[in-house]
Amino acid sequence: MQASASSKCGNLTSAMDRAAKLDIPTTVVVFGASGDLAKKKTFPALFHLFEQSLLPKRISIIGYARTQMSIDEFYKRATSHFKPDAPEDTVANFLKACKYVSGKYDVADDFKALRQAIEDTEDAAGIDTSGERIHVYYMALPPSVFVDVSTQIKNNVYDKSCINRLVIEKPFGHDLDSSRKLSSDIGSLFDESEVFRIDHYLGKEMVKNILALRFANVFYEAVWNRHYIDNIQITFKEPFGTEGRGGYFDQFGIIRDVMQNHLMQVLCIVAMNQPKSLGAEDVRDRKTEVLRRILPIQLEDTLLGQYVTSNDGSKPGYKDDDTVPKDSITPTFAQCVMHVDNERWRGVPWVIKAGKALNEAKMLIRIQYKDMPNSLFPNLARNELVIQVSPKESVYIKTIVKEPGLSTNLAMSELDLTYNTRYHDVKIPDAYATLILDVLNGDHSNFVRSDELDEAWRIFTPLLHRIETERTKPLPYEYGSRGPEGAYQFVADRVGYKRTELEYHWEAQE
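Residues numbered from 1 in each chain as written. Predicted model: local features only at pLDDT ≥ 70, side-chain atom pairs only at ≥ 80, totals over all residues. Heavy atoms only, no water.

1. Some points on the side chain of Thr 332
You can see Thr 332 is positioned in the loop between strand E8 (302-308) and strand E9 (333-339). Exposure remark for Thr 332: the relative accessible area of 0% places this residue in the buried category. Among the polar contacts listed, one links the side chain of Thr 332 to the side chain of Tyr 477, at a separation of 2.8 Å. Setting aside residues up to four positions removed in sequence, Thr 332 forms contacts with Phe 249, Ile 254, Gly 305, Gln 306, Tyr 307, Tyr 318, Ala 354, Gly 355, Lys 356 and Tyr 477. (Helix = DSSP H or I, 4+ residues; strand = E, 2+ residues; numbered from the N terminus. Buried < 20%, exposed > 50% of the residue type's maximum accessible area, 1.4 Å probe, protein only. Polar contact = N/O pair within 3.5 Å; in protein donor to acceptor, adjacent residues only side chain to side chain. Contact = heavy atoms within 4.5 Å.)

The following block contains the structure:
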């Protein structure tokens, strides 16, 4: 028995939940079940859905990995990142639906054993295999084995009598050519309608809220264009470094790790024109249209950085990690300027910025409006619409007002929607839970289509190849700082961002 649904489970109950309502027999196979991604994200997300009764009652979850371990060891790993207050009886019921199969990723017999485990589970549950069933193959795996595992699934596990869905985690390739090769290899095995490329930022509450904010409110959409907006910044900041993952990170760098995927997907949603409907293909068509209007990024429009030891010496530099080459030029910070060359955005500069080992954790979208024309008052500050995606979900508009009282001075204030104040009794779901629910119900709206992926790599590949060919040296910045020297001036000079001349500080309301 699953736990009863909570009335305060965030936006999940309003999502499409056909699989749960119709109790469609479903098997989820988590490949890489012994790894970090599975235990930190995949299993906690599945448990969250189970706890809210958003999984079919006839659900089976099978972990598959190379690690040899007992079922109790598997249970311990799978639950290691559940919240401490998770009800024990609910956890016990969840684990009754879970089992583990050990096998290699390139051995056909091991995958045949997995197929047998799936069939045995369905037989034991008395499932009619002639009826509708769903098999989900979730690859929480490194990209080096994507094709091997996909091939083994198709040859030895894929069941033509049911619905099959393949979930792939980023990175989707290393550049344009490798991405096309991966898409071609996967496409030769699975139909595009069966493939779900996860970008977890598309499952975040505030990113999903952008469509409603734009297209359900006349006053936002009316000024959402080049006639009113001066510049737009999309910023991703992490307060920690690679923390022992330096060798892995050095293969990719911050541009591949964050900018080419997460930030470009957010940019598409902010920039796209209204889709014909909220259907998956209509939304993804509009996002792809945006990407096709962006020219490849130039090195001259880019600022790169790499963090060094903190000022007090307590935090190591990027190259202090023994797994990182001492001559590494891999950027841990990057800031790029680009333009969307269409009628809505022509002339408006977009800045995307991402960095590790910075002064705070934050992901936000900052839309700065133009100066007030023919203003009665001095242009001391510009209006800004700020959408904070994390850590504290909020939307606020920086607004100029008169100081209260007898003064006639101007002051900067805000119209503020802070989610944990306005919706303090609503539990916002984890992005992975939202996206897994979409997979179960066959909704592609928040997943990356192959042509989107192709266009995103087209934009970044020339820059990445030039950095690597010319061995462009990133600027150093201290761990815990705001980034390389000149980062803020870069934005002011390249895009005309204006800082307010009025005293202002925003804090999320408690």
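2. Observations concerning the pairing of strand E12 (residues 384-390)
Of all seven residues that make up E12, seven are buried, and the element is covered over most of its length. The pairing of strand E11 (residues 362-369) with E12 spans six bridges and is classified as antiparallel. Within E12, the residue paired with Ile 367 across the bridge is Leu 385. Strand direction decides the pairing type here: E12 and strand E13 (residues 394-402), joined by five bridges, are antiparallel. When the bridges of E13 are listed, Val 386 appears paired with Tyr 396. Linkage of E12 to E13, two consecutive antiparallel strands, is achieved through a turn of three residues. (Pairing = 2+ DSSP bridges.)

3. Topic: the pattern of salt bridges
Evaluation of the coordinates by the stated rule reveals 36 salt bridges. Linking Arg 133 and Glu 122 is a salt bridge whose minimum nitrogen-to-oxygen distance equals 3.1 Å. With a gap of eleven residues between them, Arg 133 in the loop between helix H5 (108-124) and strand E4 (134-139) and Glu 122 in helix H5 connect regions that are remote in the sequence. Glu 122 gets classed as buried once you look at its relative accessible area, which sits at 5%. Through salt bridges with shared partners, a single ionic network connects Glu 281, Arg 284, Asp 285, Arg 292, Arg 449, Asp 451, Glu 455 and Arg 458. (Salt bridge = Lys/Arg side-chain N within 4 Å of Asp/Glu carboxyl O.)

4. A look at the packing of aromatic side chains
Both the distance between ring centres and the angle between the ring planes are used here to describe each pair of aromatic rings. All chains considered together, the criterion is met by 23 aromatic pairs. For the pair Phe 31 and Phe 111, a centre-to-centre distance of 6.0 Å together with 20° between the ring planes defines the contact as stacked. With a gap of 80 residues between them, Phe 31 in strand E1 (residues 26-31) and Phe 111 in helix H5 connect regions that are remote in the sequence. Both residues of the pair, Phe 31 and Phe 111, belong to the buried class. Sitting above the plane of the Phe 190 ring, Lys 154 keeps its charged end 5.8 Å from the centroid. Above the ring of Tyr 201, the side-chain terminus of Lys 204 is found at 5.0 Å from the ring centroid. (Phe/Tyr/Trp six-rings, centres within 6.5 Å; stacked < 30°, edge-to-face > 60°. Lys NZ or Arg CZ within 6 Å of the ring centre and 35° of its normal.)

5. Describing the sheet that holds strand E6 (residues 195-198)
Taken together, the six strands give an open sheet; going across it, the order is E3-E2-E1-E4-E5-E6, and neighbouring strands pair in parallel fashion. With one partner strand each, in any of the chains shown, strand E3 (98-102) and E6 form the two edges of the open sheet. On average, each strand axis in the sheet is tilted by 20° relative to the strand beside it, whichever way the strands run. By the bridge criterion, four bridges tie strand E5 (residues 163-169) to E6 in an arrangement that is parallel. Residue Ile 168 lies in a different strand from E6, and its bridge partner there is Arg 197. On the sheet, helix H2 (residues 36-51) packs against E1, strand E2 (59-65), E4 and E5 and is oriented at approximately 165° with respect to E1. (Axes fitted to C-alpha atoms, helices over the stretch in contact; angles between N-to-C directions.)

6. Some points on unusual backbone geometry
Here the residue pair Lys 170 and Pro 171 is connected by a cis peptide bond, since its omega of 5° sits within 30 degrees of zero. Mapping Pro 171 onto the fold places it in the loop between E5 and helix H7 (176-187). That bond from Ser 390 to Pro 391 is cis: its omega, 5°, falls within 30 degrees of zero. A positive phi angle, close to 50°, is found at Asp 23, a residue other than glycine. Summarising the element assignment, Asp 23 is placed in the loop between helix H1 (18-21) and E1.

7. Details of the packing of helix H12 (residues 280-292) against helix H15 (residues 450-470)
Pairs of packed helices are described in terms of their axes, by the angle between the two and the distance that separates them. With their axes 9 Å apart at the nearest point, H12 and H15 run at an angle of 20° to one another. Taken as axis vectors, H12 and H15 run roughly parallel relative to one another. You can see that H12 and H15 cross each other, and the crossing is left-handed. Of the residues in H15, those touching H12 at Arg 284, Lys 287, Thr 288, Leu 291 and Arg 292 are Asp 451, Glu 452, Glu 455, Ala 456, Arg 458 and Ile 459. (Parallel < 35°, antiparallel > 145°, perpendicular 65-115°, else oblique. Left-handed = near helix turned anticlockwise from the far one by under 90°.)

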